[in-house]
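# Observations on the model geometry
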Amino acid sequence: MGRRTMTEAAFLVLTALVDEPRHGYGIVREVEKLSAGRVRLKVGTLYGVLDRLAADELVTLDRDEVQQGRLRRYYRLTDSGATALEAEAVRLAENVRSATDRLSARHRRAITAGGAA
């Protein structure tokens, strides 16, 4: 994704494609599962994210299939996509670690001062 910040939707779509190619509805379901139901992508949002990810060469079209008279377009993660996802996961983990460390220090100070955390 270059220098742009990766959105949560992009992060979850890339994560949904790590283990296998998926079609649109499969991605929507997997994102919902990954986020424990917190993120529910609408079709327009999904395809906007997929278009941006494809333009950045982080995902690519894997194949088209016709099932029950409907076209299903499957997308897969590229090697660049896996690299970008890994970098974003590391960045997020570092942010979490920083916040957790600061909150722990705040809690220790509160205990030492005899106040509530």
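Further up the page is the structure itself.
Here's a quick rundown of the structure. (Residues numbered from 1 in each chain as written. Predicted model: local features only at pLDDT ≥ 70, side-chain atom pairs only at ≥ 80, totals over all residues. Heavy atoms only, no water.)

With eight bridges joining them, strand β2 (residues 59–67) and strand β3 (residues 70–77) adopt antiparallel strand pairing. Residue Asp64 lies in a different strand from β3, and its bridge partner there is Arg73. Connecting the antiparallel pair β2 and β3 is a turn made up of two residues, with Gln68 showing a positive phi of about 55°. (Pairing = 2+ DSSP bridges. Helix = DSSP H or I, 4+ residues; strand = E, 2+ residues; numbered from the N terminus.)

Reading across the sheet, the three strands line up as β1-β3-β2 and stay open at both edges, with antiparallel pairing between neighbours. The open sheet terminates on both sides in strands that have one partner only, identified here as β1 (22–23) and β2.

Volume-wise, the largest pocket comes out at about 290 Å³. Around the largest pocket, the lining is made up of 13 residues, and of these His23, Tyr25, Arg70, Leu71 and Arg72 lie nearest the centre. Only α2 (24–34), α3 (43–55) and β3 provide two or more residues apiece to the lining of the largest pocket. In terms of residue count, β3 provides more of the lining of the largest pocket than any other element does, four residues in total. Residue composition of the lining of the largest pocket, grouped by class: six nonpolar, four polar and three charged. (1 Å grid on protein atoms, 1.4 Å probe; cavity = no way out; pocket = protein on both sides within 12 Å on 5 of 7 lines; lining within 4 Å. Points joined across faces, edges and corners; volume = space filled by probe spheres on them. Nonpolar A, V, L, I, M, F, W, Y, C, P; charged D, E, K, R; others polar.)

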